[in-house]
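Close look at the chain arrangement
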Amino acid sequence: MIKKTTSVIRLLAAVASLAMLGAVTSTLHADTNAPAAAPAPAAAPTPLATPNPTNSAFASASITNQVAFLEAAHSNSDPDPSGIAYESDPGHNAWMMVASAFVLMMTLPGLALFYGGLVRSKNVLSIIAMCFGITCLVSLLWWAFGYSLVFGTSFTPSSGPSTLGYILGGSEYFFFKGVNSLPNTNYAFWVSQNVYSIFQLTFAIITPALIFGATAERMKFGAIMAFVFGWMFIVYFPLAHMVWGATGLMNGVWNAAAKIPAIDFAGGTVVHMSSGWTALILCLILGKRVGHGGKEPMMPHSLVLTFIGTALLWVGWYGFNAGSAVAADVIAANAFTTPTLAPAIGALTWPLVEWIFKGKPSVLGFCSGAVAGLVVITPACGFVNSTGAVIIGVVAGTIPYISSTIVKNIFKYDDALDTFGVHGVGGTCGALITGILVDPTVNGNLQAVATGSPANAAMSNGLITAIASHSLVVAQAKAAGITIALAVVGTVILGYLVKFTIGLRPSVEQEHQGLDIVDHGEEGYTH
């Protein structure tokens, strides 16, 4: 036990050292255009001049170019033809900052309350600590390496695509070097890169946090943190780049050289499939909870908390889905509409199925159906119309229900909070059904450009052809298969590595006592 504790301390020390290294590196590579330090104030200081916020290039441009620039901002299109330098737009930027806050709210406190209410009272703080710890650890990793590995491009040579560049982005943004308030035009013309990077950070935070619903009540906090540290590098960063990176293998919307022209608007593969399939493998490696299988009661200790968490997740999901348009535009409006309809229909369907087969509709059924609807609509939210969203809601209220009840009972695995049943199965359903229900009229990026204009990425890589021939589901299936393979292999490696070094589980006695006291020395309730 002492050796295992020492290993955890060494891991935390390594993380602290990483932060110190990054701080030094960022200082050494500071922006040479940054303003110089202010001199010491004189005895009688003179008033400072108010900085002029006007874009000098805009002010000196012709009226025609100024109008073209403003029209480009209004339509969320490339301002380059106006001849005016790129800069962020206050409206688009404001929406993305709000969306980022919404997605962070999905983890803190949304997921913490949702999962926290589903466990027994002796483990509620372990869920909160897990969500908080992952938020902080992933933020550090994202700043140091993650953002660059996902959204950089330096691993792709100027001569053309490379194997490494298809899987990982680059090193140019390590420690947020160069990540400032100007747009990264590979991803957004009008949103500051620092805002975009934080928006994507919130996705990177919630994804690993979802995993540990399956392992709730029986995995040590130190083991969780060690697993997440490795999982981000082995699974999340490569997968997020392949799906969303400008040079990614499966980015059908934005990479003209994509080998698999798949589409995933907001994270069906990257977030839900990766976490859900990881959860299944990890809970199998970990084994069942002590007393599982009817030997001990394991009912949720507070469905009130779970309901509040569900409501916060749903509200936060608007930032998750509509924010993935990376602009306040017509595509965002569609991605705002569909995650209203799908979870509503899912939350109607799941308890209806319960009512038919079990005699009563449960509050947990409403909550589960809503979350399942949100999961399944996520990859499709900016690509399907309202009718497609309703169909997805019905799918979400039935197939994840079957997986979380019938399938789980047949195979007897202990997916404690149905992470695999809802996120793994639901995310897979969403990835596939997006290829069937896709409607290019709701998203101009899926349409061919006018004759005589340069081909867009979706024309060059075959995405538009696949949509027209109704064969996009094939590319979606390939993307889903790669996601499952990466999640399963990565989890097997990391799961057994952690198991045989610091250990995954507490002792039987500690598990009976509860992880709140054992891992954190606290209790959620003192009455």
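Residues numbered from 1 in each chain as written. Predicted model: local features only at pLDDT ≥ 70, side-chain atom pairs only at ≥ 80, totals over all residues. Heavy atoms only, no water.

Regarding its fold elements, the protein chain presents 19 helices and zero strands. Scored against the burial criterion, the 527 residues of the protein chain give a buried share of 54%. Considering only residue pairs separated by 6 or more positions, the protein chain has 76% of its internal contacts joining residues 24 or more positions apart. Surface exposure of the protein chain reaches about 22,400 Å², of which carbon and sulfur atoms provide 68%. (Helix = DSSP H or I, 4+ residues; strand = E, 2+ residues; numbered from the N terminus. Buried < 20%, exposed > 50% of the residue type's maximum accessible area, 1.4 Å probe, protein only. Contact = heavy atoms within 4.5 Å. Areas by Shrake-Rupley, 256 points an atom, 1.4 Å probe, with all protein chains shown as cover.)

Another point: the packing of helix α10 (residues 303-322) against helix α11 (residues 330-358). In the contact formed by α10 and α11, the axes pass within 8 Å of each other and the chain directions differ by 140°. Classified by the interaxial angle, the pair formed by α10 and α11 is oblique. The interaxial crossing formed by α10 with α11 has right-handed handedness. Residues Trp314, Tyr318, Asn321 and Ala322 of α10 lie in contact with α11, whose contacting residues are Ala332, Ala335, Phe336, Pro339, Thr340, Pro343 and Ala344. For the contact of α10 with α11, the residue count by class is nine nonpolar, two polar and no charged. (Axes fitted to C-alpha atoms, helices over the stretch in contact; angles between N-to-C directions. Parallel < 35°, antiparallel > 145°, perpendicular 65-115°, else oblique. Left-handed = near helix turned anticlockwise from the far one by under 90°. Nonpolar A, V, L, I, M, F, W, Y, C, P; charged D, E, K, R; others polar.)

What follows covers the nonpolar core. Judged by nonpolar contacts, the single largest core of 135 residues is most densely connected at Trp142, Phe212, Met219, Phe227, Met232, Tyr236 and Ile392. Considering every element that reaches this core, the biggest residue donor is helix α8 (residues 221-244), with 16 residues. Residue contacts for Tyr236: discarding those within four places in its chain leaves Trp142, Phe203, Ala204, Thr207, Trp231, Trp244 and Val270. Phe58, Phe69, Ala73 and Trp190 belong to the second-largest nonpolar core, a separate cluster that totals seven residues. (Core = buried A, V, L, I, M, F, W, Y, C linked by side-chain atoms within 4.5 Å.)

A separate point is the packing of aromatic side chains. On inspection of all chains with the given rule, the structure shows 32 aromatic pairs. Aromatic pair Trp142 and Phe237: ring centres 6.1 Å apart, planes at 50°, arrangement tilted. Linking Trp142 in helix α5 (residues 124-151) with Phe237 in helix α8, this pair joins segments that are 95 residues apart in sequence. Neither residue differs from the other here; Trp142 and Phe237 are each classed as buried. Pairing Trp231 with Tyr236 gives two aromatic rings, centres 6.4 Å apart and planes at 35°, and the pair type is tilted. The class for Trp231 is buried, based on a relative accessible area of 0%. The class of Tyr236 is buried, set by a relative accessible area of 1%. (Phe/Tyr/Trp six-rings, centres within 6.5 Å; stacked < 30°, edge-to-face > 60°.)

For the structure shown, the criterion picks out seven salt bridges. The partner of Asp414 in a salt bridge is Arg218, with the nearest N and O atoms 3.7 Å apart. Taken together, the residues span a long stretch of sequence, with Asp414 in the loop between α13 (386-411) and α14 (419-437) and Arg218 in the loop between α7 (193-211) and α8 at a distance of 196 residues. Here the two residues Asp414 and Arg218 agree in accessibility, since each one is buried. Close ionic contact of Asp418 with Lys408 constitutes a salt bridge, the shortest N to O distance being 2.7 Å. A residue pair is termed long-range when its members are at least 10 positions apart, and Asp418 in the loop between α13 and α14 and Lys408 in helix α13 qualify at 10 residues. A network of salt bridges, in which partner residues are shared, links Arg120, Glu217, Arg218, Arg289, Glu296 and Asp414. (Salt bridge = Lys/Arg side-chain N within 4 Å of Asp/Glu carboxyl O.)

A few words now on the side chain of Ser162. The topology assignment puts Ser162 in the loop between α5 and α6 (163-167). Residue classification places Ser162 among the buried residues on the basis of a relative accessible area of 19%. Those residues in contact with Ser162, other than ones at most four positions away along the chain, are Phe155, Thr156 and Pro157.

Our next topic: empty space enclosed by the protein. The full count for this structure, using the stated rule, is three cavities of 30 Å³ or more. In this structure, the largest cavity occupies an estimated 90 Å³ of space. Lining the largest cavity are 13 residues, with Ser126, Met130, Met219, Ile224 and Leu515 sitting closest to its centre. Listed by contribution, the elements that provide at least two residues to the lining of the largest cavity are α5, α8 and α19 (515-520). Its residues placed into classes, the lining of the largest cavity shows eight nonpolar, three polar and two charged. (1 Å grid on protein atoms, 1.4 Å probe; cavity = no way out; pocket = protein on both sides within 12 Å on 5 of 7 lines; lining within 4 Å. Points joined across faces, edges and corners; volume = space filled by probe spheres on them.)

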